[in-house]
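# Observations on the model geometry
Here is what each chain is made of, one letter per residue.
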Amino acid sequence: MIRKLIFRSFSIIHRLSQWSRKKLTSAGTLVFTGIIFSAVFGIDTRQTHSFLIFSLLFSLLLLSFLFSLFFRGRFSVQRDLPEYCTVGKTMQYRVKIKNESDITQEDLSIVEELGCVMPEYSEFLRHLKLDNKTNRFDRYIGYPRWLKLVQFKRGASIKMTPIKSIPAKTTSSTVIKLIPKRRGYIHFKRSVLLKPDPFGLSNAFKNITQANTVLVLPKRYKVPTISLPGIRRYQRGGVHHAGSVGDSQEFISLRDYRPGDPIKNIHWRSFAKQSIPVIKEYQDEFFVRMGMVLDTFIENKNELLFEEAVSVTASLIESPSNNDSLLDLMFIGNEAYKFTSDRGVSNLNRMLEVLACVNVCHDKSFENLSTLVFRNIDSLSALMCIFLGWDQARQEFVKKIRALNIPVLVVVLEESSEIKHDAGPMEDQPRRFHVLHQNKIEDQLQDITF
Amino acid sequence: MKDYKASALITLALLMWGWQNNALSPAISLALPLLIAQWVHWRLEISDINFNRIADFTSVLFFLFIVIQFSTKSAHGIFAILAALPYLFYPLILAQYLGQVENIPLHSLFVSMRKKPSDKDEIERINLNYPYLMAVIISASAGLKHGSYFYICIAALAALSLYSIRSRRVKIYTWITLLALSISMGYVIQNGLKIAQSKFEIMASTFIEQMMWRNRDPDKTRIAFGYIGKLKLSDQIHVRVQSNETLIEPLLLREASYTSFKFGLWINDDSWFESVDPTTDKEWIFDESSATAGNTRPEKYTISTYFKGDRGVIPLPHGTYRINNVPATEAELNQFGAVNLGMKPGWVRYDAYFDNEMLGAAPGEADLTIHKNYQSILMKLANELDLYSKTPNEVIQTVEQFFRENFSYSLEQYRSMRGKNRLEDFLYHRREGHCEYFATATTLLLRTVGIPTRYTVGYSIQEYSLLEKQYIARARDAHSWTIAYVGDQWIVLDNTPAVWAPLESADENWWQPIADLWSWLGYSVSIWRDYSKDQNNFAIQIMLIIVIIYFFWRLFTDSRFIKIRQTTALQKSNMSVPGSDSPLYKLTNLLEERGIKRLNEETLSTWFLRQENNYQQRSLLTLLDLHYRYRFDPVGLTTGELEEFEDHVVRLLDSPYPSRQ
Amino acid sequence: MTGKEIYQKLYDNIGNVIKGQSGAIRKLLAAFFSGGHVLLEDVPGTGKTTLAKALARSIDIQYHRIQFTPDLLPSDILGVSIFDPATQTFNFHQGPVFTNILLADEINRASPRTQSALLEAMAESQVSIDGNILQLNKMFFVIATQNPIEFHGTYPLPEAQMDRFAMRFKLGFVSTESEVMILSDQNKQHPIDTLLPCINHEDVLTLKQSLHEIRISDELKRYIVDIIRATRNIKGVQHGASPRASLALMKTAQALAIFDGKEFVSPDHIQELATTVIAHRIVLDPEALFSGVTAEDVVTETLGNTPVPI
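About the cut-offs
- Residues numbered from 1 in each chain as written.
- Chains lettered and ligands numbered in written order.
- Predicted model: local features only at pLDDT ≥ 70, side-chain atom pairs only at ≥ 80, totals over all residues.
- Heavy atoms only, no water.
- Helix = DSSP H or I, 4+ residues; strand = E, 2+ residues; numbered from the N terminus.
- Contact = heavy atoms within 4.5 Å.
- Areas by Shrake-Rupley, 256 points an atom, 1.4 Å probe, with all protein chains shown as cover.
- Buried area = accessible area lost by both parts, 1.4 Å probe.
- Salt bridge = Lys/Arg side-chain N within 4 Å of Asp/Glu carboxyl O.
- Polar contact = N/O pair within 3.5 Å; in protein donor to acceptor, adjacent residues only side chain to side chain.
- Nonpolar A, V, L, I, M, F, W, Y, C, P; charged D, E, K, R; others polar.
- Pairing = 2+ DSSP bridges.
- Axes fitted to C-alpha atoms, helices over the stretch in contact; angles between N-to-C directions.
- Parallel < 35°, antiparallel > 145°, perpendicular 65-115°, else oblique.
- Phe/Tyr/Trp six-rings, centres within 6.5 Å; stacked < 30°, edge-to-face > 60°.
- Buried < 20%, exposed > 50% of the residue type's maximum accessible area, 1.4 Å probe, protein only.
- Lys NZ or Arg CZ within 6 Å of the ring centre and 35° of its normal.
- Core = buried A, V, L, I, M, F, W, Y, C linked by side-chain atoms within 4.5 Å.
- Patch = residues over 30% accessible without salt bridge, like charges linked within 9 Å, V, L, I, M, F, W, Y side chains within 5 Å.
- Lys, Arg positive; Asp, Glu negative; His and termini not counted.
- Charge placed at Lys NZ, Arg CZ, Asp CG, Glu CD.
- pLDDT = per-residue confidence, 0-100.

## As for the overall build of chain C
Scanning chain C from terminus to terminus reveals 13 helices and 11 strands. Across chain C, every contact between residues at least 6 apart in sequence was considered, and the portion connecting residues at least 24 apart equals 77%. If you sum the accessible surface of chain C, you get close to 13900 Å²; carbon and sulfur atoms cover 51% of it.

Following this line, the structure appears as structure tokens:
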């Protein structure tokens, strides 16, 4: 009960602290601290002269506040954000501020404000259970952890950045760095320009609404090359149309005529230039088409495990794989995702985009996923599975897949290293069955061999 | 990077602090190392971990200092802490200067912020110069000299500090006006504060009551007759007694005796104190005859009591003839045996030598008087007890037996009634009460049969503290009893039921041991400070020095001295730059001072074009042309052209340059 | 005519056709006269073809355009030997590369084999076919274009080959006023159709010759090298710029000096061209790419950190 009351006060405290961090410069904070201490020591004007200090500092800060009410000028802000960034890696972008007034603006700083939904009480309690690194006082009151949760939901924290002086009607730009803390979208809500008062103690604000978003891709680890030898299945329509219906073939190049080549393939223009027939060479596409299964049915495990699963999936997708295999089918939760097959980089980006936005599924169970996979089993040559557990349902699934002679790679994530699993249906291929533990993922991934 | 401005400001602030607190030489010795550190080319490499250690060391010292100050001076300790702030924070600022760093990690100061080193976030750092400056300024206010001069000084310091962070865009006139406005406003506010406080004090003084410490007024004492509810005095330790022999029965130490009881008050109508001259520096003798009796093994107790003000009545054994080892300023004795000492506030400790002869004048008429309000009741009781027909000794015995058999001890009062009825109520109806009742009743009762008596107050020493290895008396051990003059001497009579002490101690709080420990700590420090200045001081100083050496040794073995090498940008390449003596540089320097600063990567032409409101821009651009040829054209300028260039520059320099708007 | 006058005439002439692209025209001419090639990376419809044509027409030199398609063969570019039954010999028919100004449109749509055929020709200034070596024209200038929108089915130029281009820049969309002017100009007919040459072959050679005489101080050479070297050490850069970049920067800066009528290079010339000359040669590592760093940012940062001689 008390805890809930304390919780309610957090957002007020937080907003207050954000406002004061914008409002007071470091000199201003020092003056304010001085005011507090001199007030404490100077309560009795007969014992010390602190009240003199108090009076002077108070007047300085008061005048400073009064002056910081005025901020003349019009501005517009534009951000050059990249399309993607990665969790934990510094992302920098350029923000351009245009001074639309007639006077030069100097000493400005910019604060970028990101949008965030304040956590609910239940969410907060859940989050408290996850992290047990702090002391007991903090665990009960929980303000630092609440703060961390808010920062997590917001996606990143951006420090105040100074801007070079902007002459009238010109644009100045500055580079801002941030480190995203979680995957998903980061929403920029607005920029606040700060200008200090003549004393340099407090700042005047100018809010400029400018919304942008950037997608944060999940953290990815280095994974050694995966090669799942599977049966190459004939892909109708070649590379361009492997995902859809069609009968056209892929043109590769021209080559000299060899006896036996079909006449219809002669490239007549080149034949006219050269005296020997020239054949258009086509190639039918056969390649190994891999699917990826990501288990989102978290049941009662902790959510950090799921984040690691997403990271592992992303790492496997990004790893340099055999050129002949193509990964473009993903089964996540209740959804199947098909990406048009292309050997370019855009496929990778789109898959990472999808992974950046996946959520856990609390209510459904694994059976939904297995049904989905079996519906699309025909075009699959090989399957990579990332599981959050190794229970009966999942083992059954793997057994059925293997019965269809499709090679499977199984990666199971577990919270602690005490839980051991026997390979079950993967017994005969121990190199394709791996159990990864939540805190040692990076090292264990390096050791994976196939 | 060196911040000369900050170190200058700190030096000024330290001098001001020294001036205000009469500590000029310490101030200078604090400022000198900082200034020297600015000028040497040596630098101590201090890692972040070492900063953590220094910060912890500072906090430990700080905490110790707080404990000492608060336990000896209670609330007033805060001002000693205030005055000592420059010392307390010195290790940190010295470390920043020795390490020649701009700032120290913020997590050194706050343990809660110390995280594992794997954390990739940038470490927040804090420059200690200005916080230390603020601390020194606030600390300077602890002295109380010359308020108006002090205000001028801090106004000047504030002005200098603000000027050092003034941004170029702020026009100087605006800034000065604002500053003047703040200073005057501050002056008005501080005046207002002073006036407000005196008004408030007048209001509050009517409500203030001193219940915390019972200061014995040797001229009167009020009996807690009129309070309804339970009378409970605190467990605070008031008196400590060191005795060579174990006490078999409770020891009564007397503070004062009174003769007349009127309207619920025991007073002395005519009490005069006579000053006693000390025989030596710390010794006073009250009874010459006893002192010269030449006792080979004198009986003494070492008693400590707490003075809130600068004089007070001290508890003494009844037969005290001499006190010793107390650095009091003066001692007075009144005719009823109360001793008043003048001594600075805090714990007062003295050796009291005593014998059987009670201190105090022979009885007079006042010792036999009973106020008419009480006469009837008491005479009635005397008749009932048949006291008139007994000898004085028998009377004493009868009275003692009477109280013992019929009365019990209680702190509670139930009904509100007037004084004389209360005495009657006590004697006849309730037959229970606290020690003051018993003492008052005994004193008055004996007077009915002509035995001179006095009402005496003081402490009853019964509790032995294992921690302190001495006897202690708490506020609730304050006691009253009777002294009666029988057989040419004063004797002690205590008719309060003996169970009174255990009864009172039954309600002890569970935290009492902690409070006692705290009290003992304060007592020990106070005594150490005032009584044993010579030898213990030395020991403590040695300990402190050892501690300091240890910390600095840890610091030095982990860090290295590094010589800073000054490299100037131009020296790094062996190429001499052609045209580096171009006359245009005079202009550029001027422009830099007055106008917009040139960015690192800006060429001169870009920079010139950025200057606004410059009607001489065309001339500047022409000069720039020449300059470029001088610098970047391998062919360069002819001597004639160079001379023309210089002339042109000089002309431009002399012409009135429009100041920045 | 002085170099500056030649440049001015050419600039104005082209400016009749291309509106609102003064910076791009200046850069293009700098590359042209310094003997380097240009890569235009731009969306369709910004006037790349028109610009190449305008340049060619203004000087009255040969101009060819190759539209690169996936099935383009190297022989389509370089030329092919055709058997003549009458004379029983093989006659070599020159490909479009034997010209003065070559516009290679959408170079990223052709297969790598075809791309390298052109790039080799650009590098060597000669072509070897059937064992014969044939020299290209002395005045040989390639404007290659890439379409940044389509990645599908494209073969982006390999980073190693980007070095062959002296500059890379984009034309971009023009301002509103300029676009209105374009509409007004092309109301009746395209101004390119009525464009007449303003200078001749010899003028071009004169300017190119005087380029060699532009002086540059050692200090500025050092400045150029400092910039180039600094790009190699920036975090996120896998490969920085090579000495080819320093050379290109110097030559194009010299060209700018002539355009401004100066006889020596100044730091402003160097700074004006730094990004266009250096950015495309820098290879970023994948991490940097994913965190939004662009090569242009790297060059801007380098410029900011290198103190400029004043």
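Let us keep going from here.
## Re the interface of chain B and chain C
Taken together, the contact pairs 21 residues of chain B with 21 residues of chain C. Between chain B and chain C, roughly 1700 Å² of surface is buried when both sides are summed, and carbon and sulfur atoms account for 60% of that area. Our count for the contact surface shared by chain B and chain C stands at 3 salt bridges. Viewed at the interface, chain C and chain B are joined by 7 residue pairs in polar contact (both at pLDDT 80 or more). Sorting the residues of the side of chain B that touches chain C by element identifies helix 19 (604-610) and helix 20 (617-632) of chain B as the ones contributing at least two each. Of all the elements, helix 20 of chain B adds the most residues to the side of chain B that touches chain C, at 6 residues. Its residues assigned to classes, the side of chain B that touches chain C comprises 9 nonpolar, 5 polar and 7 charged.

## A look at the sheet that holds strand 7 (residues 184-196) of chain A
Residues and elements named next belong to chain A. The sheet built from 5 strands is open, its strands ordered 2-8-7-4-5 with mixed pairing. Only two strands of the sheet have a single neighbouring strand rather than two, namely strand 2 (84-86) and strand 5 (161-162). Relative to strand 8 (residues 203-217), strand 7 is paired through 12 bridges, and the arrangement is antiparallel. Its bridge partner being in strand 8, Lys-195 is matched across the sheet by Ala-204. Strand contacts of helix 1 (residues 2-23): strand 4 (109-114), strand 7 and strand 8, with the helix running at about 115° to strand 8, the strand carrying the most contacts.

## A short note on the packing of helix 7 (residues 129-140) of chain B against helix 8 (residues 147-164) of chain B
The geometry of a pair of packed helices is captured by two quantities: the angle between their axes and the separation between those axes. Residues and elements named next belong to chain B. Two elements in contact, helix 7 and helix 8, have axes whose closest approach is 11 Å; the angle formed by their N-to-C orientations is 170°. Overall, the two elements helix 7 and helix 8 adopt an arrangement that is roughly antiparallel. Only Phe-150, Ile-154, Leu-157, Ser-161 and Ser-164 of helix 8 make contact with helix 7, whose side of the interface consists of Tyr-130, Leu-133, Ile-137 and Ala-140. Residue composition of the contact of helix 7 with helix 8, grouped by class: 7 nonpolar, 2 polar and no charged.

## Description of the packing of aromatic side chains
Going through the model one piece at a time under the given rule, you end up with 41 aromatic pairs over all chains. Ring centres of A:Phe387 and A:Phe397 lie 6.3 Å apart, and the angle between their planes is 75°; this geometry places the pair in the edge-to-face category. Placement of A:Phe387 in strand 15 (residues 382-387) and of A:Phe397 in helix 11 (residues 392-403) is noted, with a sequence separation of 10 residues between them. An identical accessibility class is assigned to A:Phe387 and A:Phe397; each is buried. Every member of this aromatic cluster is reached through a ring pair, and the members are A:Phe297, A:Phe366, A:Phe374, A:Phe387, A:Trp390, A:Phe397 and A:Phe433. The side chain of B:Lys380 reaches across the aromatic face of B:Tyr428, ending 4.3 Å from its centre. One residue, C:Lys27, lies across the ring of C:Phe169, its end atom 5.6 Å from the ring centre.

## Here's the deal with the pattern of salt bridges
With the rule as written, the count across this model stands at 32 salt bridges over all chains. Here C:Glu296 makes a salt bridge to C:Arg168, at a shortest N to O gap of 3.4 Å. One end of the pair, C:Glu296, is in helix 13 (residues 295-305); the other, C:Arg168, is in strand 9 (residues 167-169), and 128 residues separate them in sequence. By relative accessible area, C:Arg168 is classed as buried at 18%. In this structure, a network of salt bridges that share partners links the residues A:Lys22, A:Glu113 and A:Arg190.

## Re the interface of chain A and chain B
The partner chain B presents 48 residues to the 44 residues of chain A that form the contact. Taken together, the two surfaces of chain A and chain B that pack against each other cover about 4000 Å², and 69% of this comes from carbon and sulfur. Linking chain A with chain B are 0 salt bridges. For the pair chain A and chain B, the interface holds 5 residue pairs in polar contact (both at pLDDT 80 or more). Elements that contribute at least two residues to the side of chain A that touches chain B include exactly helix 2 (26-41), helix 3 (50-67) and strand 7 of chain A. Among the elements that line the side of chain A that touches chain B, the one with the most residues is helix 3 of chain A, at 14 residues. When its residues are assigned to classes, the side of chain A that touches chain B shows 22 nonpolar, 13 polar and 9 charged.

## Structural notes on the pairing of strand 5 (residues 101-105) of chain C
Residues and elements named next belong to chain C. For strand 5, the buried fraction is high: 5 of the 5 residues fall into the buried class. Where burial is concerned, the two faces of strand 5 agree: the one with Ile-101, Leu-103 and Asp-105 and the one with Leu-102 and Ala-104 are both buried. Summarising the sheet, strand 2 (residues 63-67) and strand 5 pair through 5 bridges and their orientation is parallel. Bridge pairing links Tyr-63 to Ile-101 in strand 5. Direction of pairing for strand 5 relative to strand 8 (residues 141-146): parallel, over a ladder of 4 bridges.

## Considerations on the nonpolar core
Grouped together as the largest cluster of nonpolar side chains are 92 residues, with contacts concentrated most on C:Leu55, C:Phe259 and C:Ile278. Counting residues per element, this core draws most heavily on helix 10 (residues 243-259) of chain C, which supplies 9 residues. In this structure C:Phe259 touches C:Lys4, C:Tyr7, C:Arg26, C:Leu29, C:Ala30, C:Phe33 and C:Leu207, once residues within four positions along its chain are discounted. Listed in part, the 65 residues of the second largest apolar core include B:Ala13, B:Leu44, B:Ile93 and B:Ala142.

## Remarks on a negative patch on the surface
Taken together, the side chains of B:Asp581, B:Glu643, B:Glu644, B:Glu646 and B:Asp647 define an acidic patch exposed on the protein surface. Tracing the backbone through its elements, the reader meets B:Glu643 in helix 21 (residues 639-654).

## Notes on the environment of A:Met91
Structurally, A:Met91 can be placed in strand 3 (residues 91-99). Residues A:Met91 and A:Ile176, 85 residues apart in the sequence, show an inter-C-alpha distance of 8.3 Å.

## Observations concerning unusual backbone geometry
Not every positive phi belongs to a glycine, and B:Asp386 is a case in point at roughly 55°. Summarising the element assignment, B:Asp386 is placed in the loop between helix 11 (372-384) and helix 12 (392-406). Note on B:Asp386: relative accessible area 42%, which makes it partly exposed. If you check the backbone angles, C:Glu106 has positive phi at about 55° while not being a glycine. With respect to the helices, strands and loops of the structure, C:Glu106 is situated in the loop between strand 5 and helix 5 (112-124).

## Here we look at the confidence of the model for chain C
Residues and elements named next belong to chain C. Residues at a pLDDT of 70 or more form 97% of chain C, whose mean pLDDT is 87. When mean pLDDT is compared element by element in chain C, helix 10 scores highest at 94, while helix 12 (residues 286-290) scores lowest at 72. On the interface metric, ipTM, the complex scores 0.81, and its pTM is 0.58.

## Things to note about the sheet that holds strand 24 (residues 470-474) of chain B
Residues and elements named next belong to chain B. Reading across from one edge, 11-12-15-18-13-6-24-23 is the order of the 8 strands in this open sheet, with antiparallel pairing throughout. Single-partner strands in this sheet number two, and they are strand 11 (278-280) and strand 23 (463-465). Direction aside, the axes of adjacent strands within the sheet are offset by 35° on average. The pairing of strand 15 (residues 320-324) with strand 18 (residues 346-354) spans 4 bridges and is antiparallel. Bridged to Arg-322 within strand 18 is Tyr-353. Packing against the sheet, helix 16 (residues 512-531) makes contact with strand 6 (237-242), strand 13 (299-307), strand 18 and strand 24, and its axis sits at approximately 80° to strand 18.

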